[in-house]
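One letter stands for each residue in the lines below.
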Number of protein chains: 2
Amino acid sequence: MLFFTQCFGAVLDLIHLRFQHYKAKRVFSAAGQLVCVVNPTHSLKYAPTRCAAAQTSTEQSILPPCHHHEAVHDPQLVPCTCPLFSCPWEGHLEVVVSHLRQTHRINILQGAEIVFLATDMHLPAPTDWIIMHSCLGHQFLLVLRKQEKYEGHPQFFATMMLIGTPTQADNFTYRLELNRNQRRLKWEATPRSVLECVDSVISDGDCLVLNTSLAQLFSDNGSLAIGIAITTSKVHNAEDEM
Amino acid sequence: MLFFTQCFGAVLDLIHLRFQHYKAKRVFSAAGQLVCVVNPTHSLKYAPTRCAAAQTSTEQSILPPCHHHEAVHDPQLVPCTCPLFSCPWEGHLEVVVSHLRQTHRINILQGAEIVFLATDMHLPAPTDWIIMHSCLGHQFLLVLRKQEKYEGHPQFFATMMLIGTPTQADNFTYRLELNRNQRRLKWEATPRSVLECVDSVISDGDCLVLNTSLAQLFSDNGSLAIGIAITTSKVHNAEDEM
């Protein structure tokens, strides 16, 4: 009996997922925007001091599986590029995109404006929704995280990071937009570099922050659609690169 | 000695307030916008069930000092129009503006776009910053509230309400904008009517919500500047008024 109940539940889930994808495509295709349905990544293992540990490199147990290194003073080495909670990976900026694609199967989307449709917003914290966005000759990482900064009160944090240096990041502005039921919420900022670590951006609260109640107001049937746009914030200064 | 210390503190406070006003005027006058410095109203008495109590009218101790009435079924009677925590006033829509001006000395500003400069954001919750905004032939109430929805974690809630009926409110859209340090946060929504009670709007979280960290990012020297704009959201339907 239990077996049949579970099978039936799994089939219902599949139908629900299919329906959501179809509905999102139907709604947003009219606006000519590319929609990407992003499924959550839930992790039971949460290490809030991961960044600090990686930066000081006192814990020799955290060794990068992809790029073995002795010195963490290398400025191009990314201590916690992979924003997934349970991944202790470290590596150079150039291989971050391939790590995210190959190890975590994170999609990469092209286009000036895309819609990020995060499903299953009701899942318990900590949960991440992640996508890569290729735009203006660079790759960006959008991270939506459900986290309990205060016990029992989960919040949603959304930020965009450049897979590049902080100097390169200063050339861009990203915009996240929620729009539903005659309500609109827009957040515009300069993206941070993945070298700065996504955990610290979220703990500083320097990103789009949503309470559960606000997230529910903007959600449709458990999915949250976030419009993303990236622009260049200033004339590209060739000297910055030198 | 204590007397002199306190006097010196008071003089410093006055100089600080004067300086803030001057600085705000200097910064925003360049943009041609009217700036209003809004001081906080702190109340020790907080009654979260005030709206419900007034609506059911079971508590006969809450009697309106301005308009004495027997029946609360009158749809034009506003149960908790006065958004100040400690005020149990009730009355008809027509006299709300004069009550707020006369009893609470709340300023009323004219203009399509104004800047609301809330001072002393560090004060403990519950604290309100309130202003009236006269625009497009109607009066609106902007309420910024610091409140601890979850104990020990104060948040800021900002909403705009029409001093009018819900049908009238549907004709407008309000926008609140924070802009500082290459970050911008915009909230757009249809204003609620004061008949709907500001407390319930805030407890529903259907407004601009700021964590303390985000409020600090947008604050300058303890003051938060909020740009306010009101537009008509649809062609005025004469039938709505009938």
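By the naming in an unreviewed UniProt entry, chain A is E3 ubiquitin-protein ligase, taken from Phaetusa simplex. Its UniProt record gives chain A the following Catalytic activity (unreviewed entry) comment, quoted word for word: "S-ubiquitinyl-[E2 ubiquitin-conjugating enzyme]-L-cysteine + [acceptor protein]-L-lysine = [E2 ubiquitin-conjugating enzyme]-L-cysteine + N(6)-ubiquitinyl-[acceptor protein]-L-lysine." Per UniProt, chain A carries the Sequence similarities (unreviewed entry) text "Belongs to the SINA (Seven in absentia) family."

*Asks:* Which residues make up the overall build of chain A, and what values do they have?
*Replies:* Scanning chain A for helices and strands turns up seven helices and 15 strands. Burial statistics for chain A: of 242 residues in total, 48% are counted as buried. In chain A, the proportion of contacts linking residues at least 24 apart, taken out of those at least 6 apart, comes to 65%.

*Asks:* Would you mind going over the UniProt feature "domain: Seven-in-absentia protein TRAF-like" (unreviewed entry) in chain A in detail, with residue names and values included?
*Replies:* If you check UniProt for "domain: Seven-in-absentia protein TRAF-like" (unreviewed entry), the listed places come out as residues 134-228 of chain A in our numbering. In this annotation, residues 134-228 of chain A is assigned 19% helix and 58% strand; the end-to-end C-alpha distance for the span is 12 Å.

*Asks:* Hey, could you go over the pattern of salt bridges for me, with residue numbers and the actual values?
*Replies:* Following the criterion strictly, the structure yields 16 salt bridges over all chains and no others. Taking the shortest distance from any N to any O, the salt bridge between Arg192 of chain A and Glu196 of chain A comes out at 3.2 Å. We classify Glu196 of chain A as partly exposed; its relative accessible area is 30%. Ionic contacts of the salt-bridge type, sharing partners, join the residues Arg183 of chain A together with Arg192, Glu196 and Asp206 of chain B into one network.

The rules behind each value
- Residues numbered from 1 in each chain as written.
- Chains lettered and ligands numbered in written order.
- Predicted model: local features only at pLDDT ≥ 70, side-chain atom pairs only at ≥ 80, totals over all residues.
- Heavy atoms only, no water.
- UniProt positions renumbered as here; feature names shortened; annotations may be inferred.
- Helix = DSSP H or I, 4+ residues; strand = E, 2+ residues; numbered from the N terminus.
- Buried < 20%, exposed > 50% of the residue type's maximum accessible area, 1.4 Å probe, protein only.
- Contact = heavy atoms within 4.5 Å.
- Salt bridge = Lys/Arg side-chain N within 4 Å of Asp/Glu carboxyl O.

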